[in-house]
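Listed below are the residues making up each chain.
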Amino acid sequence: MTHIANFEQFFSSFAINAIFLISSRILSHQIIIAFPCHKVCILTHWEVGNSLIKRSIMRTRAEYTINYTDNLSLEILTDLYNQMNENDKLIIYTHIEKHNLSNVNLLLINTGFAHIVSQPHGKGKYCFRCIKMPKREKILSVIVPLYNEEKTAPYLLDKLINRNWLIPVEFIIVESNSNDNTRKIVNNLPNDPRIIKVFEETPSGKGNAVLNGIRHSNGTHIAIQDGDLEYDVEDYDKLLKPIVEDKSLFGLGYRSNSNGWHMRSFNGKKSWTADYLNIGQVVLTGLLNLTLGTKLKDPFTMYKIFHKDCMYGVNFIGGNFGLDWEIVIRFVRKGIIPIELPVSYNSRSYDEGKHISLIGTPLEGLRMLLHCKLTSPVYDYTDEEDI
């Protein structure tokens, strides 16, 4: 009995540290069988075009690995997706330029994969990890943070709720305990299943209100809508079109008017603040582009629409207006480059209720740039049990 126990212990230890492969060729397919080692029970290899696909059956799910030398196609990914079960894991190794990472992310999400993580894997090669999720109908969650917006909120909310949208929509109204009648306005909104009201006890900044709204959202895509009337809500169709047509994961509405870069013009005693903000916009945009290696026209625009899965792997700080920087920087670092489309813009002055600080807001943005680019990793978490 002692000899048998020792033999079993030896064989178990040997099996954990080595995989015995029995391979044979059946026609053009190579089938490789492996004895149990950790979680792997059986491996299967086959070729599709120039790609080698490996299927690993796990105790709880399957893992598929692709080594692909050509450009990935929606057809190949769709065929593979249809063979997989929900929560099965997909790993892709492929040669690709960094500026094409957005295209691979777009292909994977359009196919039905989620929790995408992309990381360099040698010179000119990237590894993508994701899981199969059920395909969902596109739903837009419009996040509307409101604080002291009693003058503009009624008209804005009416326009948002009663316009025709290209895809199904829900409205997450986040009211941050305003000092005026904004909360009363939100409370009096009609009972509509598309409207979700979120009431905060303490105002903690626009960015935190947006993140709070996202946590209450049910959509596949997120849009951010300020409580003022600086932007025209009718521009949403323009921004949504690339999303609806599966051409983009991330869109920015860059502010444009007849004044060009001089997009703000105020009257009254503080008219000089418009020039201050305009020059600051140009300088800070140049700094962000230089840091990220991008050529964005208006990274700080409020009009941002993106697929919710773009947020995976990132613990957002939020803050006040720093979230406008944070979203762009974190997405770009993940390889998700936005498409930019022109939108109308009519800036309100400080006399009309503009909230941004002349000193604090730029400093918050610069701190966010330093944090997101220099001190934080590309991914704050990549839960291997999920991916």
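Residues numbered from 1 in each chain as written. Predicted model: local features only at pLDDT ≥ 70, side-chain atom pairs only at ≥ 80, totals over all residues. Heavy atoms only, no water.

Engineer: Report on the overall build of the protein, specifying residues and quantitative values.
Structural biologist: Looking only at helices and strands, the protein features ten helices and 15 strands. Counting across all 387 residues of the protein, residues that qualify as buried make up 50%. Restricting the contact set of the protein to residue pairs at least 6 apart, pairs at least 24 apart contribute 69%. Carbon and sulfur atoms form 54% of the exposed surface of the protein, whose accessible area is close to 19,400 Å². (Helix = DSSP H or I, 4+ residues; strand = E, 2+ residues; numbered from the N terminus. Buried < 20%, exposed > 50% of the residue type's maximum accessible area, 1.4 Å probe, protein only. Contact = heavy atoms within 4.5 Å. Areas by Shrake-Rupley, 256 points an atom, 1.4 Å probe, with all protein chains shown as cover.)

Engineer: Describe the nonpolar core, listing the residues and the values that go with them.
Structural biologist: Membership of the largest hydrophobic core comes to 86 residues, with the highest contact counts inside it found for Leu90 and Leu108. Looking at this core, the element that brings in the most residues is helix 9 (residues 322-333), giving seven residues. Contacts of Leu108, omitting those with residues within four sequence positions, involve Leu77, Leu90, Ile92, Phe113, Ile116, Phe128 and Cys130. (Core = buried A, V, L, I, M, F, W, Y, C linked by side-chain atoms within 4.5 Å.)

Engineer: An account of the sheet that holds strand 10 (residues 169-175) is requested, with residue identities and associated values reported.
Structural biologist: For sheets, the rule is that strands pair by backbone hydrogen bonds, running either parallel or antiparallel. Read across the open sheet, the seven strands follow the order 11-10-9-12-14-13-15; overall the sheet is mixed. Edge strands, defined here as strands with exactly one partner in the open sheet, are strand 11 (195-199) and strand 15 (339-344). Shown here is a sheet whose adjacent strand axes are inclined to one another by a mean of 20 degrees, direction ignored. When strand 13 (residues 250-256) meets strand 14 (residues 304-307), the two strands line up antiparallel, connected through three bridges. Following the sheet pairing, Leu252 is matched in strand 14 by Lys304. Sheet strands touched by helix 7 (residues 236-244): strand 9 (140-146), strand 12 (221-224), strand 13, strand 14 and strand 15. Its angle to strand 15, the strand with the most contacts, is close to 165 degrees. Across the sheet, helix 9 touches strand 12, strand 13 and strand 14, and the angle it forms with strand 14 is around 40 degrees. (Pairing = 2+ DSSP bridges. Axes fitted to C-alpha atoms, helices over the stretch in contact; angles between N-to-C directions.)

Engineer: Go over the environment of Leu146 with me, naming the residues and quoting the values.
Structural biologist: Structurally, Leu146 can be placed in strand 9. On a C-alpha basis, the gap between Leu146 and Asp226 in space is 7.4 Å, while along the polypeptide they are 80 residues apart. The contacts of Leu146, once residues within four sequence positions are left out, are Ala153, Leu157, Ile173, Val174, Glu175, Ser176, Ser178, Thr182, Val186 and Gly227.

Engineer: Please provide a residue-by-residue account of the packing of helix 9 against helix 10 (residues 360-375), values included.
Structural biologist: Interhelical geometry of helix 9 versus helix 10 gives an angle of 25 degrees and a closest axis separation of 9 Å. Considering their axes alone, helix 9 and helix 10 lie roughly parallel with respect to each other. Handedness of the helix 9/helix 10 crossing: right-handed. When helix 9 is examined against helix 10, the residues Gly322, Leu323, Trp325, Glu326, Ile329, Arg330 and Arg333 are found in contact with a partner set consisting of Glu364, Gly365, Leu366, Met368, Leu369, Cys372 and Lys373. Looking at side-chain class alone, the contact of helix 9 with helix 10 contains seven nonpolar, two polar and five charged residues. (Parallel < 35°, antiparallel > 145°, perpendicular 65-115°, else oblique. Left-handed = near helix turned anticlockwise from the far one by under 90°. Nonpolar A, V, L, I, M, F, W, Y, C, P; charged D, E, K, R; others polar.)

Engineer: Residues and numbers for unusual backbone geometry, please.
Structural biologist: Phi angles above zero are rare outside glycine, and Asn148 is one such case at about 55 degrees. Here Asn148 lies in the loop between strand 9 and helix 4 (153-162). At Asn177, a residue that is not glycine, the phi angle is positive and equals roughly 60 degrees. With respect to the helices, strands and loops of the structure, Asn177 is situated in the loop between strand 10 and helix 5 (182-187). The class for Asn177 is partly exposed, based on a relative accessible area of 30%.

Engineer: Before we move on, could you go through helix 10 and cite the residues and values that matter?
Structural biologist: The first and last C-alpha atoms of helix 10 sit 21 Å apart over 16 residues, in line with the 22 Å expected at 1.5 Å per residue. Buried within helix 10 we find Thr361, Glu364, Gly365, Met368, Leu369 and Cys372. Down the axis, helix 10 shows its buried residues gathered within 140 degrees of arc, on one side only. Exposed side of helix 10, more than 90 degrees from the buried face: Arg367, Leu374 and Thr375 are the residues found there. (Expected span 1.5 Å × (residues − 1). Arc of directions from axis to C-beta.)

Engineer: An account of the packing of aromatic side chains is requested, with residue identities and associated values reported.
Structural biologist: On inspection of all chains with the given rule, the structure shows twelve aromatic pairs. Pairing Phe306 with Phe331 gives two aromatic rings, centres 5.2 Å apart and planes at 80 degrees, and the pair type is edge-to-face. With a gap of 25 residues between them, Phe306 in strand 14 and Phe331 in helix 9 connect regions that are remote in the sequence. Over the face of the ring belonging to Trp165 we find Arg163, whose NZ or CZ atom lies 4.6 Å from the ring centre. The side chain of Lys297 reaches across the aromatic face of Tyr254, ending 5.1 Å from its centre. (Phe/Tyr/Trp six-rings, centres within 6.5 Å; stacked < 30°, edge-to-face > 60°. Lys NZ or Arg CZ within 6 Å of the ring centre and 35° of its normal.)

Engineer: Hey, could you go over the pairing of strand 9 for me, with residue numbers and the actual values?
Structural biologist: Across the seven residues of strand 9, seven count as buried, placing the element largely inside the fold. Alternating residues of strand 9 divide into Leu140, Val142, Val144 and Leu146 and Ser141, Ile143 and Pro145, and every residue in both groups is buried. Where strand 9 meets strand 10, seven bridges bridge the pair, whose relative direction is parallel. Residue pairing for strand 10: Leu146 is matched across the bridge by Glu175. Handedness of the crossover joining strand 9 and strand 10 through helix 4: right-handed. Direction of pairing for strand 9 relative to strand 12: parallel, over a ladder of four bridges. Along strand 12, the bridge assignment pairs Ser141 with Ile222. (Right-handed = clockwise from strand over helix to strand, strands pointing away.)

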